[in-house]
Amino acid sequence: MSEPERRVLPATLKIAVGLLCAEGVALFALGIWLVVASFTGQPTDRAASITEAVVTVVLGLLLGVLGFLLVRRHAWARGPVIVLQLMLLAIGYFMISAGVVWAGILVIALGLVVAGLLIAPASRESLGIH
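Residues numbered from 1 in each chain as written. Predicted model: local features only at pLDDT ≥ 70, side-chain atom pairs only at ≥ 80, totals over all residues. Heavy atoms only, no water.

Engineer: What is the right way to read the overall build of the protein from this model?
Structural biologist: Regarding its fold elements, the protein presents 6 helices and 0 strands. The secondary structure elements of the protein, listed N-terminal to C-terminal, are α-α-α-α-α-α. Based on the C-alpha atoms only, the size of the protein along its principal axes is roughly 60 × 30 × 20 Å. Relative to its 130 residues, the protein shows a buried fraction of 32%. Long-range contacts, defined as pairs at least 24 residues apart, comprise 65% of the intrachain contacts of the protein with a sequence gap of at least 6. (Helix = DSSP H or I, 4+ residues; strand = E, 2+ residues; numbered from the N terminus. Buried < 20%, exposed > 50% of the residue type's maximum accessible area, 1.4 Å probe, protein only. Contact = heavy atoms within 4.5 Å.)

As structure tokens, then:
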């Protein structure tokens, strides 16, 4: 495979990384909002509120870093991304159980789409996974 050909990402990987980075930005923004709300609001448990905010920020950053690593073709980053995306299935289920059906369905669909795109043959081949 020539060098210019190797640099072009397949559409499946581009879309997966785009969605992954969008997830990361959304979680990071939500985490920042939660940090602000933890200090300006009246949470029943401030420590738990801050912990939730920090975990959300870190998860957002993690998704962004994993997306960057996939663009750089680090095949090992694919596994953690797929695990995180499959965790969205449980989150979506609980969202549906809590009555937020439309959001739960979107979260489940997002997890399945990104995981599916990463196990697509074109993505695997681009990452050197056979």
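Now, onward.
Engineer: I'm lost on the nonpolar core in this one. Help?
Structural biologist: Looking at soluble globular proteins, one finds that nonpolar side chains tend to be buried together. In this structure, Leu13, Leu20, Leu66, Leu70, Val81 and Leu118 are the most contacted members of the largest nonpolar core, which totals 18 residues. Elements supplying a minimum of two residues to this core: helix H2 (11–40), helix H3 (46–71), helix H4 (78–97) and helix H5 (101–119). If we ignore the near neighbours within four places in the chain, the residues touching Leu70 are Leu13, Val17, Leu20, Ala77, Arg78, Val81, Leu118 and Leu127. (Core = buried A, V, L, I, M, F, W, Y, C linked by side-chain atoms within 4.5 Å.)

Engineer: I'm lost on a nonpolar patch on the surface in this one. Help?
Structural biologist: Together, Phe28, Ile32, Val36 and Leu61 make up an exposed nonpolar region whose accessible area comes to about 330 Å². With 3 residues, the single largest contributor to the nonpolar patch is H2. By the element assignment, Phe28 lies in helix H2. For Phe28, a relative accessible area of 34% translates into the label partly exposed. (Patch = residues over 30% accessible without salt bridge, like charges linked within 9 Å, V, L, I, M, F, W, Y side chains within 5 Å. Areas by Shrake-Rupley, 256 points an atom, 1.4 Å probe, with all protein chains shown as cover. Salt bridge = Lys/Arg side-chain N within 4 Å of Asp/Glu carboxyl O.)

Engineer: I tried to follow H2 on my own but got confused; where do I start?
Structural biologist: Here H2 is 30 residues long and its end C-alpha atoms lie 43 Å apart, about the 44 Å a rise of 1.5 Å per residue gives. Those residues of H2 that are buried lie in contact with H3, H4, H5 and helix H6 (121–127). (Expected span 1.5 Å × (residues − 1).)

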